[in-house]
Amino acid sequence: MRKLLPALIIGLCLAVVLPACGGRAPAPQTAYIYTDFSAGDPGGETGGAVSRYEIRYNGDLTPALLAGELTGLTGLDFSFTADVSPGAIRVDWGNGSTLLGGLGGLTQKDDFHFADAASMNWFMLDSLYRSLRANFADCDVYFTMLGGNPLIAPGAGEIFPVDAPYMGSVYYVSGAGDAGNPGDPGDPGDSGGLSGTGEFNRYFDRENNLTFSYPSEFSLDGRLNPVTERMEFTSRREDALLGFWVDSNENSETLQEFVDRVSRSDTQSRRLSGRENPWVILLAETVLSPAGKPRGQAYQFAVWPERVVNICVNCSPDRLDYWYDLMEEFSVKDGPP
């Protein structure tokens, strides 16, 4: 019996230790960072100024991790502290950053070479802004400097208030905003510089073999909402979200049957004329968000016997009429771009 005791103890120890030794480390996760050379050019997003890079990481995805990847890729120092809260990321740039401290002794990389401070700083602001917005859903990004002071980026010619979210260089350089009030989208009855340029982004839905064309006001790269399983594209200049998804027309509803089902007494709707596909309807309504706040929703539905293509802009109520009128500029066609 005494001889069995040491063996029993060793066996118990191995039973405790071996499962821990045999556990596998979590697999690396995938995210994306973006570089944005738009520097105020409204056509930059569709003209190749924006690039996306895949990164792999372990643990939590943080603004600091994204900044480190941007620093490693570009050779520019993206040094800042960040505070993340629901719906907002506040970035406070430090003196050690290239944005505030300049190049110093840094040697510019060939792929990231800038002729002046303005183009370099717009690049840093836009690239970080786009990377944060792509990885942290529905967040506004606020830029400050040196402990929460209004950001003054050398060469950019703007002072960014601490209480207004950054809107992208196109917003400021095109004159849509000003240093004192960059968050004002303009008169609700006016486009506010959002469209009318003829610039469109395109998203190819491989599963349904459809190409969706939409105004470049919305981001070039959408993200799949894991809850609704819809593609979503964020607005670059105002509080609006573009959604795109395809449903099966299980009951083979006609256009009129579909309209009768989704419409209410306070719903605006009209048939979209002048299209090859006559089964298109535009609809607008005001609903309450999960937080109990009123939101506008402007829709385009393409109702085919086998499927229904859904396009929706979720916006503030005072912009509903604008997006409803503009909805006819969105289009879907069969096949790749």
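What this report covers is the structure whose coordinates are included nearby.

Criteria and thresholds
Residues numbered from 1 in each chain as written. Predicted model: local features only at pLDDT ≥ 70, side-chain atom pairs only at ≥ 80, totals over all residues. Heavy atoms only, no water. Helix = DSSP H or I, 4+ residues; strand = E, 2+ residues; numbered from the N terminus. Buried < 20%, exposed > 50% of the residue type's maximum accessible area, 1.4 Å probe, protein only. Contact = heavy atoms within 4.5 Å. Phe/Tyr/Trp six-rings, centres within 6.5 Å; stacked < 30°, edge-to-face > 60°. Salt bridge = Lys/Arg side-chain N within 4 Å of Asp/Glu carboxyl O. Pairing = 2+ DSSP bridges. Axes fitted to C-alpha atoms, helices over the stretch in contact; angles between N-to-C directions. Arc of directions from axis to C-beta. Polar contact = N/O pair within 3.5 Å; in protein donor to acceptor, adjacent residues only side chain to side chain.

A look at the overall build of the protein
Link 1 in the chain: For the protein, the helix and strand inventory stands at seven helices and 17 strands.
Link 2 in the chain: Each of the 337 residues in the protein was classed as buried or not, and the buried ones make up 44%.
Link 3 in the chain: Considering only contacts in the protein between residues 6 or more positions apart, those separated by 24 or more positions represent 55%.

Notes on the packing of aromatic side chains
Link 1 in the chain: In this structure the tally under the stated criterion is 27 aromatic pairs.
Link 2 in the chain: Here F80 and W93 contribute two aromatic rings whose centre-to-centre distance is 5.6 Å and whose plane-to-plane angle is 65 degrees, an arrangement assigned as edge-to-face. Taken together, the residues span a long stretch of sequence, with F80 in strand β3 (residues 80-85) and W93 in strand β4 (residues 88-93) at a distance of 13 residues. The pair F80 / W93 is uniform in exposure class, with both members buried.
Link 3 in the chain: Between the aromatic rings of Y203 and F244, the centroid separation amounts to 5.9 Å while the plane-to-plane angle is 75 degrees, which identifies the pairing as edge-to-face. Here the residue Y203 occupies a position in strand β8 (residues 200-205), and F244 occupies one in strand β12 (residues 240-248), the gap between them amounting to 41 residues.
Link 4 in the chain: Cluster of aromatic residues (ring-pair linked, three or more members): F78, F80, W93, W122, Y129, F143, F160, Y166, Y171 and Y172.

Some remarks on the pattern of salt bridges
Link 1 in the chain: Within this structure, the stated rule accounts for six salt bridges.
Link 2 in the chain: The partner of R295 in a salt bridge is D239, and the shortest N-O contact between them spans 2.8 Å. Here R295 is found in strand β15 (residues 294-303), whereas its partner D239 is found in the loop between β11 (231-234) and β12, with 56 residues between them in sequence.
Link 3 in the chain: On the basis of relative accessibility, which here comes to 15%, the residue R295 falls in the buried class.
Link 4 in the chain: With a shortest N-O distance of 3.9 Å, E306 and R307 are connected by a salt bridge.
Link 5 in the chain: Judged by relative accessible area, E306 falls into the partly exposed class, the value being 46%.

Here we look at the sheet that holds β4
Link 1 in the chain: Spatial ordering of the open sheet is given by β3-β4-β5-β6-β7, a layout of five strands whose pairing is mixed. A strand with exactly one partner marks an edge of an open sheet, and here the two such strands are β3 and β7 (159-160).
Link 2 in the chain: In this fold helix α4 (residues 117-135) packs onto β3, β4, β5 (140-145), β6 (149-152) and β7, with an angle of close to 140 degrees to the strand it touches most, β5.

Overview of helix α6 (residues 255-262)
Link 1 in the chain: If you check which residues of α6 are buried, you get L255, F258 and V259. Along α6, the residues classed as buried sweep out an arc of 100 degrees about the axis, all on the same side. For α6, the exposed residues set more than 90 degrees away from the buried face come down to D260 and R261.
Link 2 in the chain: The inward-facing, buried residues of α6 contact β13 (268-271), β14 (280-288), β15 and β16 (307-315).

With respect to the side chain of S38
Link 1 in the chain: Inspection of the secondary structure puts S38 in the loop between β1 (29-36) and β2 (50-57).
Link 2 in the chain: A relative accessible area of 4% means that S38 is categorised as buried.
Link 3 in the chain: Side chain to side chain, S38 and D36 meet in a polar contact 2.6 Å long.

Quick notes on the environment of C312
Link 1 in the chain: With respect to the element layout, C312 can be found in strand β16.
Link 2 in the chain: Between the C-alpha atom of C312 and that of W323, which follows or precedes it by eleven residues, the distance is 9.5 Å.
Link 3 in the chain: If near-sequence neighbours (up to four positions away) are discounted, C312 is found in contact with L241, L242, G243, W245, Q297, A298 and Y299.

So, the sheet that holds β16
Link 1 in the chain: Pairing within the open sheet is antiparallel, and its seven strands lie in the order β10-β11-β12-β16-β15-β14-β13. The open sheet has two edge strands with one neighbour each: β10 (223-224) and β13.
Link 2 in the chain: Taken together, the nine bridges between β12 and β16 define a ladder with antiparallel strand orientation. Each residue of the ladder has a partner; that of S248, found in β16, is R307.

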